[in-house]
Amino acid sequence: MRRSLKVALLGVTMLVLAGCSEADTHQIKNLAMPDRATAQGPFTYELWKWAWVAAMATGIIVWGLIFYAVVKFRRRSDDEVPRQTRYNLPLEVFYTIAPVLMCVVFFFHTVRVQDEIVALDKQPDLTVEIMGQQWSWTFNYGVGEQDPTATGEDGSFAYGDYVYTSGTGREIPTLVLPVDQTVQFNLHSPDVIHDFGVPSFLVKMDVIPGRVNKFQVTPTVEGKYVGKCYELCGVYHSRMLFNVEVVSQADYEAYLAKLGDAGQSADEPLLGGSDATTQTGLDESQSQEGSQE
């Protein structure tokens, strides 16, 4: 019976694996995580990977104990009554202490990874002011010399001039970043809580009205990615999408020059709020909402 069970299990496993495409196989190897595209990504991935290891180890132990009890203490005759046990003190101590120890270990490593991800370099290579507003994003890029002491609050911005791009109800904006450069995102919202994140960066953060949240990433792989709002921010939350392009430094500088030539420049970053009805791009989405309502 054991041999037949092993053969059946092996057959099922081979059948499942044979039905996996190359993309499915890649996802399995990544444990359903996207490929890491930033220097901060591996910290999140390692935490995710070892959480899987701990979960599988716990599952194997539990399944093993279940099958052991089923086989060891199975009824062998209709007249047999299994020996009754009121309690088992060592076992009860084990299944009380073990989960507590697991939670402590998970908590320790979660805090360690969190500290790595939210740590801010005092001298980032560039700072981008991100504005998330119902129902799109505006990306403000600094031009010229950067002031690393600027807070991004109350008019204290890192640059004296900016170029920007805004999304609309019809057009998804694109965030362009230079590869191998440490980028600080200052997150602004004039209305409700949003959440700025790019799956391949393996980091995201809430965008909260009344405060400026910040985090940094260092893109390491050139390519195109997708980003979105991870917080349910209202009826048109599904519009809160954006694209990301990680390019060379030369291409990044050429992109900023292109925005400047197109007239998309300002003395300060565009942060919505009272300017939402006149800000380029957002006025279109606002009018579309009014007509739909």
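What counts, and at which threshold
- Residues numbered from 1 in each chain as written.
- Predicted model: local features only at pLDDT ≥ 70, side-chain atom pairs only at ≥ 80, totals over all residues.
- Heavy atoms only, no water.
- Phe/Tyr/Trp six-rings, centres within 6.5 Å; stacked < 30°, edge-to-face > 60°.
- Helix = DSSP H or I, 4+ residues; strand = E, 2+ residues; numbered from the N terminus.
- Buried < 20%, exposed > 50% of the residue type's maximum accessible area, 1.4 Å probe, protein only.
- Axes fitted to C-alpha atoms, helices over the stretch in contact; angles between N-to-C directions.
- Parallel < 35°, antiparallel > 145°, perpendicular 65-115°, else oblique.
- Contact = heavy atoms within 4.5 Å.
- Nonpolar A, V, L, I, M, F, W, Y, C, P; charged D, E, K, R; others polar.
- Salt bridge = Lys/Arg side-chain N within 4 Å of Asp/Glu carboxyl O.

Examining the packing of aromatic side chains
Move 1: For the structure on display, the rule yields 14 aromatic pairs.
Move 2: Here the aromatic rings of Trp-48 and Trp-52 are separated by 6.2 Å at their centres, their planes lie at 80°, and the arrangement is edge-to-face. On the criterion of helical spacing, the pair formed by Trp-48 and Trp-52 is a turn pair, its members being 4 residues apart in helix α3 (residues 41-72).
Move 3: A relative accessible area of 34% means that Trp-48 is categorised as partly exposed.

Some words on the packing of α3 against helix α4 (residues 89-118)
Move 1: α4 packs onto α3 with a crossing angle of 170° between their chain directions and a minimal axis gap of 9 Å. The orientation of α3 with respect to α4, classified from their angle, is roughly antiparallel. Listed contacts from α4 to Phe-43, Thr-44, Leu-47, Ala-51, Ala-54 and Thr-58 of α3 are Met-102, Phe-106, His-109, Thr-110, Val-113, Glu-116 and Ile-117.
Move 2: The residue makeup of the contact of α3 with α4, split by class, is 8 nonpolar, 4 polar and 1 charged.

Let's talk about the pattern of salt bridges
Move 1: All chains considered together, the criterion is met by 2 salt bridges.
Move 2: Lys-49 is paired through a salt bridge with Glu-46; the nearest N and O atoms lie 3.2 Å apart. One end of the pair is Lys-49 and the other is Glu-46, both in helix α3 and 3 residues apart, which spans about a single turn.
Move 3: Asp-195 serves as the salt-bridge partner of Lys-204, at 3.9 Å between the closest nitrogen and oxygen.
Move 4: By relative accessible area, which is 44% here, Lys-204 ends up partly exposed.
Move 5: Residue classification places Asp-195 among the buried residues on the basis of a relative accessible area of 3%.

Purely geometric numbers; function is a separate question.
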